[in-house]
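Below are the chains, spelled out letter by letter.
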Amino acid sequence: IFHMIQQTDSLKNRFENIKEIKKNKVDEKIFWSKVKDLEIKGYALTSNFLCERTIIYSNLPILFCFESLDYIPTMPKLASPVKKMQNKILGISFEDLKIKNIGGVSNNEIKTIYQNKNYEEWLALKKDMDLEAIIVPKDWNLKLNLILDDKYKVYDIK
């Protein structure tokens, strides 16, 4: 009993944390159900943080995930296509990356590139690669049509 009294603040924090985790899960579920309701037909592009979540919860086809490109040495035939695709989407090559040796492209670089793209560049990607939606964290602001501003943001290219 004495030990529990000493740990009261810690226990309160743990219970608050459990409530917060539960709320985040509910918010996440609501967001992805709204994304499914959008009935996106083409490919989606996203951030490193949201790539797996987009695949798992939305069932959308992802155009490219930039986080884990460290598979390339094991499949050398993919090096050229991956390089072309990265260059086409991000406009930079592996040599131009500011942060190197992390197995992919950093989220900060992706954010900067996405936010600096103008509408015409996004439209060219839509026409060339059937890109229809971009799902990004809440603090990213793209020069596109915002169609969902919830837990994360969803932009479309029209």
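Residues numbered from 1 in each chain as written. Predicted model: local features only at pLDDT ≥ 70, side-chain atom pairs only at ≥ 80, totals over all residues. Heavy atoms only, no water.

(A) Structural context of the packing of helix α4 (residues 79-90) against helix α6 (residues 119-129). Interaxial distance between α4 and α6 falls to 10 Å at its minimum, and their mutual angle equals 145°. Only Leu125, Asp128 and Met129 of α6 make contact with α4, whose side of the interface consists of Met85, Lys88 and Ile89. (Axes fitted to C-alpha atoms, helices over the stretch in contact; angles between N-to-C directions. Helix = DSSP H or I, 4+ residues; strand = E, 2+ residues; numbered from the N terminus. Contact = heavy atoms within 4.5 Å.)

(B) Representation of the pattern of salt bridges. If you walk through the whole model with that rule in mind, you get 8 salt bridges. A salt bridge links Glu16 to Lys19, with the nearest nitrogen and oxygen atoms 3.7 Å apart. Of this pair, Glu16 and Lys19 both sit in helix α2 (residues 8-37), 3 residues apart, which is roughly one turn of that helix. Look at Glu16 and you get partly exposed, because its relative accessible area is 47%. Between Lys88 and Asp128 there is a salt bridge, with the nearest N and O atoms lying 2.7 Å from each other. Of this pair, Lys88 sits in helix α4 while Asp128 sits in helix α6; the two residues are 40 residues apart in sequence, bridging distant segments of the chain. By relative accessible area, Lys88 is classed as partly exposed at 44%. Residue Asp128 is classed as partly exposed on the basis of its relative accessible area, which comes to 47%. (Salt bridge = Lys/Arg side-chain N within 4 Å of Asp/Glu carboxyl O. Buried < 20%, exposed > 50% of the residue type's maximum accessible area, 1.4 Å probe, protein only.)

(C) Local environment of the packing of α2 against helix α3 (residues 48-58). Look at α2 against α3: their axes get within 10 Å of each other, and the N-to-C directions meet at 65°. What the angle tells us is that α2 and α3 run roughly perpendicular. As α2 packs across α3, the resulting crossing turns out to be right-handed. On α3, the residues touching Glu28, Trp32, Val35 and Lys36 of α2 are Leu50, Arg53, Thr54, Tyr57 and Ser58. In the contact of α2 with α3, the residues fall into 4 nonpolar, 2 polar and 3 charged. (Parallel < 35°, antiparallel > 145°, perpendicular 65-115°, else oblique. Left-handed = near helix turned anticlockwise from the far one by under 90°. Nonpolar A, V, L, I, M, F, W, Y, C, P; charged D, E, K, R; others polar.)

(D) Up close: the state of the cysteines. Per the stated rule, a full pass over the model turns up 1 disulfide. Note that Cys51 is cross-linked by a disulfide to Cys65, the S-S spacing being 1.5 Å. Its S-S torsion of approximately -55° makes the covalent link between Cys51 and Cys65 left-handed. Of the two residues, Cys51 is situated in helix α3 and Cys65 in the loop between α3 and α4; the sequence distance between them amounts to 14 residues. Using a relative accessible area of 4% as the deciding quantity, one classes Cys51 as buried. (Disulfide = S-S within 2.5 Å.)

(E) Focus on the sheet that holds strand β4 (residues 153-156). The 4 strands lie next to each other as β1-β2-β4-β3, forming an open sheet whose pairing is mixed. Sheet topology places β1 (43-46) and β3 (145-149) at the edges, where each strand pairs with a single neighbour. Taking the axes of each pair of neighbouring strands and ignoring which way they run, one obtains an average angle of 25° across the sheet. Bridging between β3 and β4 involves 4 bridges; their strand directions are antiparallel. Note on β4: the bridge partner recorded for Leu146 is Tyr155. On the sheet, α6 packs against β1 and β2 (131-136) and is oriented at approximately 125° with respect to β2. (Pairing = 2+ DSSP bridges.)

(F) Seen up close, a nonpolar patch on the surface. Side chains of Met4, Leu11, Phe15 and Ile18 sit close together on the surface and give an oily, nonpolar patch of about 410 Å² of accessible area. When residues in the nonpolar patch are grouped by element, the largest group, 3 residues, is from α2. Inspection of the secondary structure puts Phe15 in helix α2. (Patch = residues over 30% accessible without salt bridge, like charges linked within 9 Å, V, L, I, M, F, W, Y side chains within 5 Å. Areas by Shrake-Rupley, 256 points an atom, 1.4 Å probe, with all protein chains shown as cover.)

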